[in-house]
Amino acid sequence: MKYTLIGMGGGTDATLTAQGRLALLRADAIAGAARLLEALPEGCTPRRRAATKPAAILEALRGAERPCAVYSGDTGFFSGARSLVPLLEAEGAEAELLPGLSSIQLFAARLRRPWQDWALVSAHGVACDPVAAVCAGRPAFFLTGGAGGVASLCAELAAAGLDSLPVFAGEDLGYPQERISRGTAGEFAKKTFSPLSVLLAEAAPRQARRAPGLADDLFLRGEVPMTKQEVRAVLLGKLGVGPEMVCWDIGAGTGSVSVELALQARAVYAVEREDDACRLIRANRERFGAWNLRLVQGEAPGALASLPAPDAVFVGGTGGRLREILRAVQAAAPGARVCVSAIALETVQAALAELEALGYACEAVQIGISRARRAGQLHLLLAQNPVFLVTGVRPCAK
């Protein structure tokens with residue numbers, strides 16, 4: 001038994017391929033979304049049933065000799081076809097997929113731009129992070145829908161400081177009422193768009209991703225303590241930060257670690273209680289274009305309660321509440337890597353004891369840095385205060 005799964009492009013006769021049209025005219029049963037069934041070519045079978053869930057589509061097509069399921073866009077681009085194919089294969093049926101014109105093809109053609117270098121993101125009924133998407137160094141295309149509409153996605157971008165980011169919206173692509181709009185994220189956040197819309201956001205301006213260890217003098221500092229360049233480079237290595245990770249920086253100070261994390265990770269939450277430090281974090285965030293850095297002003301561990309579970313956590317300041325903070329981290333994400341910085345031996349001892357009590361395998365290293373300074377015709381090494389890094393890894397996370 002063969003089932004034919006057809007991409008109907010924009011959902012109108014004008015965007016249906018000749019191959020798809022021929023299959024639909026031959027079909028004796030057709031199932032799919034109601035708006036697609038209404039757009040079928042003249043002469044198609046009257047045996048049609050509106051269904052979107054894979055099991056419902058399969059049930060609607062049972063008993064037919066030439067069954068067809070229809071999908072908007074292309075069967076290989078964020079399509080429900082991928083969920084129906086395994087069901088058919090489990091029943092020993094054959095699945096033939098006929099591709100259609102996807103929304104990204106239609107939209108790129110309207111904009112007269114190539115799309116092969118765009119980041120492709122679905123916000124159609126699934127959660128997505130638009131800020132992280134535009135921080136990846138490429139324009140980001142969003143297939144929108146439900147709560148993840150154009151306005152809400154742009155509101156998130158604007159809230160992250162990207163209100164002037166150029167964006168483009170395509171509404172009702174392939175339909176007579178099709179509309180293409182150009183503007184900024186801040187402007188689009190205040191508008192209303194068709195439920196059948198897509199969004200393109202240009203890449204956010206930011207520092208290019210590079211090896212960790214930005215020079216200290218690149219940061220705005222004030223009177224707030226800052227984790228130095230060499231220590232930042234080491235701690236990011238200890239945390240194993242990657243591009244899909246969510247990170248916490250607790251006791252963020254100037255935000256130097258938060259910025260370094262943001263340039264490597266998907267999302268960073270900088271937790272800081274002091275007003276002066278928060279002002280510096282905001283300034284350094286903008287200075288480096290670290291738009292995926294979210295400042296959380298408050299005191300840990302209370303301020304951690306509403307944050308997404310992290311993959312890696314740096315603890316740079318505790319306000320004397322190291323035990324409570326580490327327990328909160330372990331409760332939020334048992335598998336997360338944790339790195340605690342310390343300058344006092346007592347803090348090192350406490351961090352080792354607390355992490356081991358929570359089941360972490362621990363490592364402690366001391367970083368000693370000396371910098372050369374000219375003294376007449378000579379260069380002398382001036383030692384900096386040694387810094388300890390205590391890293392905890394759950395055995396299951398190695």
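Data block above holds the structure.
On a predicted model such as this, the values are computed, not experimentally measured, just so you know.

Procedures and definitions
- Residues numbered from 1 in each chain as written.
- Predicted model: local features only at pLDDT ≥ 70, side-chain atom pairs only at ≥ 80, totals over all residues.
- Heavy atoms only, no water.
- Helix = DSSP H or I, 4+ residues; strand = E, 2+ residues; numbered from the N terminus.
- Buried < 20%, exposed > 50% of the residue type's maximum accessible area, 1.4 Å probe, protein only.
- Axes fitted to C-alpha atoms, helices over the stretch in contact; angles between N-to-C directions.
- Left-handed = near helix turned anticlockwise from the far one by under 90°.
- Contact = heavy atoms within 4.5 Å.
- Nonpolar A, V, L, I, M, F, W, Y, C, P; charged D, E, K, R; others polar.
- Pairing = 2+ DSSP bridges.
- Polar contact = N/O pair within 3.5 Å; in protein donor to acceptor, adjacent residues only side chain to side chain.
- 1 Å grid on protein atoms, 1.4 Å probe; cavity = no way out; pocket = protein on both sides within 12 Å on 5 of 7 lines; lining within 4 Å.
- Points joined across faces, edges and corners; volume = space filled by probe spheres on them.
- Salt bridge = Lys/Arg side-chain N within 4 Å of Asp/Glu carboxyl O.

Peer 1: Where do I start with unusual backbone geometry in this structure?
Peer 2: Most peptide bonds are trans, and most residues other than glycine sit at a negative phi. Each neighbour pair has its own omega, and for Ala300 with Pro301 the value is 10°, a cis peptide bond. Structurally, Pro301 is set in the loop between strand S13 (293-297) and strand S14 (312-315). Phi at Arg112 takes a positive value of approximately 60°, unusual for a residue other than glycine. Within the element layout of this structure, Arg112 appears in the loop between helix H5 (103-111) and strand S6 (119-122). Classification of Arg112 as exposed rests on a relative accessible area of 70%. In the Ramachandran plot, Asp172 falls in the positive-phi region, its phi being about 50° despite a non-glycine side chain. Mapping Asp172 onto the fold places it in the loop between strand S8 (166-171) and strand S9 (179-184).

Peer 1: Is there a simple way to think about the packing of helix H12 (residues 322-332) against helix H13 (residues 345-357) in this case?
Peer 2: How two helices sit against one another is set out by the angle between their axes and by the gap between those axes. Contact pair H12 / H13: the axes reach a minimum separation of 10 Å and the direction vectors enclose 35°. Here H12 and H13 pass one another in a crossing that is right-handed. Where H12 abuts H13, its residues Leu322, Arg323, Leu326 and Arg327 lie against Thr347, Ala350, Ala351, Glu354 and Leu355. Its residues assigned to classes, the contact of H12 with H13 comprises five nonpolar, one polar and three charged.

Peer 1: I would appreciate a short explanation of the sheet that holds S8 in the present structure.
Peer 2: Strands belonging to one sheet form pairs held by backbone hydrogen bonds; the direction of such a pair is parallel or antiparallel. A sheet is described by the order of its strands in space; here five strands give the open sequence S6-S7-S10-S8-S9, paired in mixed fashion. Each having just a single partner strand, S6 and S9 make up the two edges of the open sheet. The sheet shows a mean angle of 20° between the axes of neighbouring strands, direction not considered. Both S8 and S9 contribute to a ladder of six bridges, which runs antiparallel. Looking at the pairing, Glu171 lines up with Arg179 of S9.

Peer 1: In this structure, what is going on with the side chain of Asn292? I would like to understand it.
Peer 2: Counting through the fold element by element, Asn292 comes out in the loop between helix H11 (275-288) and S13. Since its relative accessible area comes to 1%, Asn292 is described here as buried. Within the local environment of Asn292, its side chain forms a polar contact with the backbone oxygen of Ala265, the two atoms lying 3.1 Å apart.

Peer 1: For this particular structure, what's the right way to read the environment of Met1?
Peer 2: Within the secondary structure, Met1 is located in the segment before strand S1 (2-7). As for Met1 and Glu65, which are separated by 64 residues in sequence, their C-alpha atoms are 7.6 Å apart. Dropping the residues within four chain positions of it, Met1 is found in contact with Ala64, Glu65, Pro67, Ala93 and Glu94.

Peer 1: Please explain the layout of surface pockets as it appears in this structure.
Peer 2: Here the idea is plain: a probe the size of a water molecule rolls over the atoms and shows the empty space left. When its volume is computed, the largest pocket comes out at roughly 990 Å³. Along its surface, the largest pocket is lined by 39 residues, and Arg35, Ser72, Phe78, His124 and Leu143 are the ones closest to its centre. Space inside the second largest pocket adds up to approximately 850 Å³. Those elements that place two or more of their residues in the lining of the second largest pocket are strand S11 (246-250), helix H10 (256-262), strand S12 (267-272) and strand S15 (337-342). Of the residues belonging to the lining of the second largest pocket, the class tally is 18 nonpolar, 14 polar and six charged.

Peer 1: Help me out: how do you make sense of the pattern of salt bridges in this one?
Peer 2: Opposite charge on two side chains permits them to pair, given that their charged atoms come into close proximity. Following the criterion strictly, the structure yields 17 salt bridges and no others. In this structure, the salt-bridge partner of Arg371 is Glu230, at a minimum N-O distance of 2.8 Å. Residue Arg371 is located in strand S17 (residues 370-375), and its partner Glu230 is located in helix H9 (residues 229-239); the two are separated by 141 residues in the primary sequence. Here the salt bridges share partners, and the residues they tie into one network are Asp216, Glu230, Arg232, Glu260 and Arg371.

Peer 1: Explain the environment of Thr391 here, please?
Peer 2: Take Thr391: it is sitting in strand S19 (residues 387-393). Sequence spacing of Thr391 and Ser341 is 50 residues, and the spatial spacing of their C-alpha atoms is 8.8 Å. In this structure Thr391 touches Lys238, Val338, Cys339, Leu355, Ala361, Cys362 and Glu363, once residues within four positions along its chain are discounted.

Peer 1: Could you clarify how one ought to interpret the pairing of strand S2 (residues 29-32) in this entry?
Peer 2: Side chains on a regular strand alternate between the two faces of the sheet. Along S2, one buried face is formed by Ala29 and Ala31 and the opposite face, lined by Ile30 and Gly32, is buried too. Where S2 and strand S4 (residues 67-71) come together, four bridges link them in parallel fashion. Paired with Ala31 across the two strands is Ala69, which belongs to S4. One ladder, built from three bridges, connects S2 with strand S3 (residues 48-50); its direction is parallel. Across the sheet, residue Gly32 finds its bridge partner in S3, namely Ala50.

Peer 1: Can you help me understand the sheet that holds S15 in this one?
Peer 2: Taken in spatial order, the seven strands line up as S13-S12-S11-S14-S15-S19-S16 in an open sheet, and their pairing is mixed. The outermost strands of the open sheet, each flanked by one partner alone, are S13 and strand S16 (361-367). Going from strand to strand, the sheet's axes swing by 15° on average, the running direction of each strand aside. Two elements, S12 and S13, share five bridges in a ladder whose sense is parallel. Within S13, the residue paired with Tyr269 across the bridge is Arg294. Contacts from H11 reach S12 and S13 within the one sheet, and its direction differs from that of S13 by about 170°.

Peer 1: Would you mind showing me how to read the pairing of S19 here?
Peer 2: Taking burial as the measure, the seven residues of S19 include seven buried ones, the bulk of the element. Neither face of S19 is left uncovered, since the one carrying Val387, Leu389, Thr391 and Val393 and the one carrying Phe388, Val390 and Gly392 both have all their residues buried. Direction of pairing for S15 relative to S19: antiparallel, over a ladder of five bridges. Note on S19: the bridge partner recorded for Ser341 is Leu389. Sheet analysis places S16 next to S19, joined by seven bridges and oriented antiparallel. Considered in S19, the bridge of Glu363 is made with Thr391.

Interpretation note: all reported values are geometric properties and have no functional meaning in isolation.
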